[in-house]
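Architecture and fold: a report
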Amino acid sequence: MPQERMTIVVFSGEMDRVMAAFILATTAAAMGLEVCMFFTFWGLNVLRKKKFTAGKTLLQKMMNTLNRGGAGRLPLSKFQMLGLGPIMMKALMAHSRVPTIPELVSQAKALGVKFIACTTTFQFMGFDKDDFIEGVDAYAGAATFLDDVLDGKVSYFI
Amino acid sequence: MPQERMTIVVFSGEMDRVMAAFILATTAAAMGLEVCMFFTFWGLNVLRKKKFTAGKTLLQKMMNTLNRGGAGRLPLSKFQMLGLGPIMMKALMAHSRVPTIPELVSQAKALGVKFIACTTTFQFMGFDKDDFIEGVDAYAGAATFLDDVLDGKVSYFI
Amino acid sequence: MPQERMTIVVFSGEMDRVMAAFILATTAAAMGLEVCMFFTFWGLNVLRKKKFTAGKTLLQKMMNTLNRGGAGRLPLSKFQMLGLGPIMMKALMAHSRVPTIPELVSQAKALGVKFIACTTTFQFMGFDKDDFIEGVDAYAGAATFLDDVLDGKVSYFI
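Residues numbered from 1 in each chain as written. Chains lettered and ligands numbered in written order. Predicted model: local features only at pLDDT ≥ 70, side-chain atom pairs only at ≥ 80, totals over all residues. Heavy atoms only, no water.

**Focus on the overall build of chain A**
In terms of regular secondary structure, chain A is built from six helices and five strands. Counting from the amino terminus, chain A carries its helices and strands in the arrangement β-α-β-α-α-α-β-α-β-α-β. Rg of the C-alpha trace for chain A: 16 Å, near the compact-globule value of 15 Å for 158 residues, within the 12% margin. Along the first, second and third principal axes, the C-alpha set of chain A runs to 50 × 40 × 25 Å. Burial status across chain A gives 57% buried among its 158 residues. In chain A, of all internal contacts separated by at least 6 residues, the share reaching a separation of at least 24 is 71%. As displayed, chain A offers around 6,200 Å² of accessible surface, 57% of which is attributable to carbon and sulfur atoms. Across chain A, the mean location of the 17 positive side-chain charges is 9 Å away from that of the 13 negative side-chain charges. (Helix = DSSP H or I, 4+ residues; strand = E, 2+ residues; numbered from the N terminus. Rg over C-alpha atoms; globule rule 2.2 N^0.38 Å. Buried < 20%, exposed > 50% of the residue type's maximum accessible area, 1.4 Å probe, protein only. Contact = heavy atoms within 4.5 Å. Areas by Shrake-Rupley, 256 points an atom, 1.4 Å probe, with all protein chains shown as cover. Lys, Arg positive; Asp, Glu negative; His and termini not counted. Charge placed at Lys NZ, Arg CZ, Asp CG, Glu CD.)

Shown next, in the form of structure tokens:
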């Protein structure tokens, strides 16, 4: 039997949604599926280094001042409470030994999960390849990702 | 022809998103599909009883004070307006005879829709089986749910 | 080989999520797939004309005062900042020559993408067919859409 494939569009950059995406991805990879994740819009923040990304134009600088990257400091989709919510959530998860997002990113890479960073978002946000972590397998657009999707069994938009 | 299956990850706990999930689930079940819903993160609130769930640790008590359960009192994803939005939405729906979430939950059970409650979320939020309504078919993790997904035809993340 | 089909539930009415939906839809259609989009809840705003939609009852008038339609003035899912966020995002995208939502809607129609407007939402929000743009192929419920989904290869909920 050929290997089944799961593909996930990671559109959201919120800790809880990103965690759900990575739990599905790493569980599927551990079950022997081929997994491909396409990071676009706010989801790209997961793959950005923690350092400040300036961008090139004034507008990009303004947007990037608001829209901070780094897998370890994503906001929550609710109960953000000026940063208190994510701290509570991280503490709850640590107490139950649920892995953190940076740990899930490492697990995903160790299990061979493929990461594609969306070039369309990349360009209009003014990012540079140097702003991203190692482990990005490809910088590509939706057409490249859809080739993977069409060969796959399951696809999510998160 | 073997029976087709639809699976849905219910991640969101907002009235409007949960309603969309249940309309898809009950419509598919009424068309003869096998349907399996996996409730995780905020989606677990749909399956919680309306009573207050304390949790075990101080952090769990703090989170559960914010994050209230009960299918009948879910917030809206927009226009929440301190609770006025959900009241307006419920009135609009009642006027058009759209079923409420508790009614959709009952319809889903009557149509044989399978409910899985995510054990990972369950544990870090400090829930107890006693906090949940009857009708939960299984308490399990992502691996068990993915077995159902891989045998299925369609899968959504909501 | 029969033509593959992609189906998308457009639940969200936010500019960034709607843009992701249309980029997937138009890319897939340009690759030769048959694409069907089902607009429901806040997603219906994409297909509404920019004019004010009153509705019939007082509650509908109240909701429609908050919930404005028109593909050209959708809010952002984050950094809304009283309307400044969408202006910044539109400027960023124009600078990179990313098409606007009204342009993506036209491209989708030119590529033969099928638009279904959800009749359930339509009714409880008090909309009228006259409130919608040309290009809506059908006004139907979830059962009609699920027929398309079950014949398809990939399905998203956005």
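**Description of the packing of aromatic side chains**
Per the counting criterion, the structure on display carries 39 aromatic pairs over all chains. Consider the rings of C:Phe122 and C:Tyr139, whose centres lie 5.4 Å apart with planes at 65°: the pair is edge-to-face. Residue C:Phe122 is found in helix α5 (residues 119-124), and its partner C:Tyr139 is found in strand β4 (residues 138-140); the two are separated by 17 residues along the sequence. Members of the aromatic cluster, joined through ring pairs, are A:Phe11, A:Phe41, A:Phe124, A:Phe157 and C:Tyr156. Taking the ring centre of A:Phe115 as reference, the NZ or CZ of A:Lys109 above it sits at 4.3 Å. (Phe/Tyr/Trp six-rings, centres within 6.5 Å; stacked < 30°, edge-to-face > 60°. Lys NZ or Arg CZ within 6 Å of the ring centre and 35° of its normal.)

**So, the interface of chain C and chain B**
In this assembly, 29 residues from chain C lie in contact with 29 residues from chain B. Taking both partners together, chain C and chain B bury about 2,600 Å²; carbon and sulfur atoms supply 79% of that area. Among the residues chain C hides against chain B, the three largest losses belong to C:Phe124, C:Leu150 and C:Phe157. Together they make up 25% of the total. Across the chain C-chain B interface, the total number found is zero salt bridges. Joining chain C to chain B, the criterion identifies five residue pairs in polar contact (both at pLDDT 80 or more). If you list the elements that add at least two residues to the side of chain C that touches chain B, you get α2 (58-66), α5, α6 (142-150) and β5 (154-157) of chain C. No other element matches α6(C), which puts seven residues into the side of chain C that touches chain B. When the residues that make up the side of chain C that touches chain B are grouped by side-chain class, the tally is 19 nonpolar, eight polar and two charged. (Buried area = accessible area lost by both parts, 1.4 Å probe. Salt bridge = Lys/Arg side-chain N within 4 Å of Asp/Glu carboxyl O. Polar contact = N/O pair within 3.5 Å; in protein donor to acceptor, adjacent residues only side chain to side chain. Nonpolar A, V, L, I, M, F, W, Y, C, P; charged D, E, K, R; others polar.)

**Concerning the state of the cysteines**
Disulfides are covalent bonds that link the sulfur atoms of two cysteine residues. Here the structure, examined in full by the defined rule, presents zero disulfides over all chains. A:Cys36 carries a free sulfur, and the closest cysteine sulfur to it, the one in A:Cys118, is 12 Å from it. (Disulfide = S-S within 2.5 Å.)

**Topic: helix α2 (residues 58-66) of chain A**
For α2(A), the set of buried residues is A:Gln60, A:Met63 and A:Asn64. Mapping the buried residues of α2(A) onto a view down its axis gives an arc of 95°, with all of them on the same face. The inward-facing, buried residues of α2(A) abut α5 (119-124) of chain A together with α3 (84-95) of chain C. (Arc of directions from axis to C-beta.)

**Points about the sheet that holds strand β5 (residues 154-157) of chain B**
What links the strands of a sheet is backbone hydrogen bonding, and the strands pair in either a parallel or an antiparallel sense. Residues and elements named next belong to chain B. Pairing is parallel across the open sheet formed by five strands, whose spatial order is β4-β3-β2-β1-β5. Sheet topology places β4 (138-140) and β5 at the edges, where each strand pairs with a single neighbour. On average, each strand axis in the sheet is tilted by 20° relative to the strand beside it, whichever way the strands run. Where strand β2 (residues 34-39) lies against strand β3 (residues 114-118), four bridges are found, and the strand directions are parallel. Each residue of the ladder has a partner; that of Cys36, found in β3, is Lys114. Lying on the sheet, helix α6 (residues 142-150) is in contact with β1 (5-10), β2, β3, β4 and β5; it crosses β1 at an angle near 150°. (Pairing = 2+ DSSP bridges. Axes fitted to C-alpha atoms, helices over the stretch in contact; angles between N-to-C directions.)

**A closer look at the interface of chain C and chain A**
Counting from both sides, the interface comprises 29 residues of chain C and, opposite them, 29 residues of chain A. Counting the surface lost from both chain C and chain A, the interface buries some 2,600 Å², and carbon and sulfur atoms represent 79% of this. Taken as a group, C:Phe79, C:Met88 and C:Leu92 account for 22% of the area that chain C buries against chain A, more than any other trio of residues on that side. Seen at the junction of chain C and chain A, the total is zero salt bridges. Here chain C is connected to chain A by five residue pairs in polar contact (both at pLDDT 80 or more). Sorting the residues of the side of chain C that touches chain A by element identifies α1 (15-30), α3 and β5 of chain C as the ones contributing at least two each.

**Some remarks on the environment of C:Ala25**
Along the chain, the position of C:Ala25 falls in helix α1. For C:Ala25, the contacting residues outside a window of four places in its chain are C:Ile8, C:Val35, C:Met37 and C:Val113.

**Quick word on the relation of the copies chain C and chain B**
Superposing chain C onto chain B requires a rotation of 120° together with a translation of 0.0 Å along the rotation axis, leaving an RMSD of 0.0 Å. The operation mapping one copy onto its partner corresponds to a three-fold rotation axis. Each copy contacts the other with its own distinct surface, as only 14% of the interface residues of chain C are interface residues in chain B too. (Least-squares fit on C-alpha atoms with pLDDT ≥ 70 in both.)

**Some points on the pattern of salt bridges**
Following the criterion strictly, the structure yields 21 salt bridges over all chains and no others. Where A:Asp148 meets A:Lys114, a salt bridge forms, and the shortest distance between an N and an O atom there is 2.9 Å. Of this pair, A:Asp148 sits in helix α6 (residues 142-150) while A:Lys114 is found in strand β3 (residues 114-118), placing the two residues 34 residues apart along the sequence. For A:Asp148, a relative accessible area of 12% translates into the label buried. Across the pair C:Arg5 and C:Glu34 runs a salt bridge, and its minimum N-O distance is 2.9 Å. Residue C:Arg5 is located in strand β1 (residues 5-10), and its partner C:Glu34 is located in strand β2 (residues 34-39); the two are separated by 29 residues in the primary sequence.

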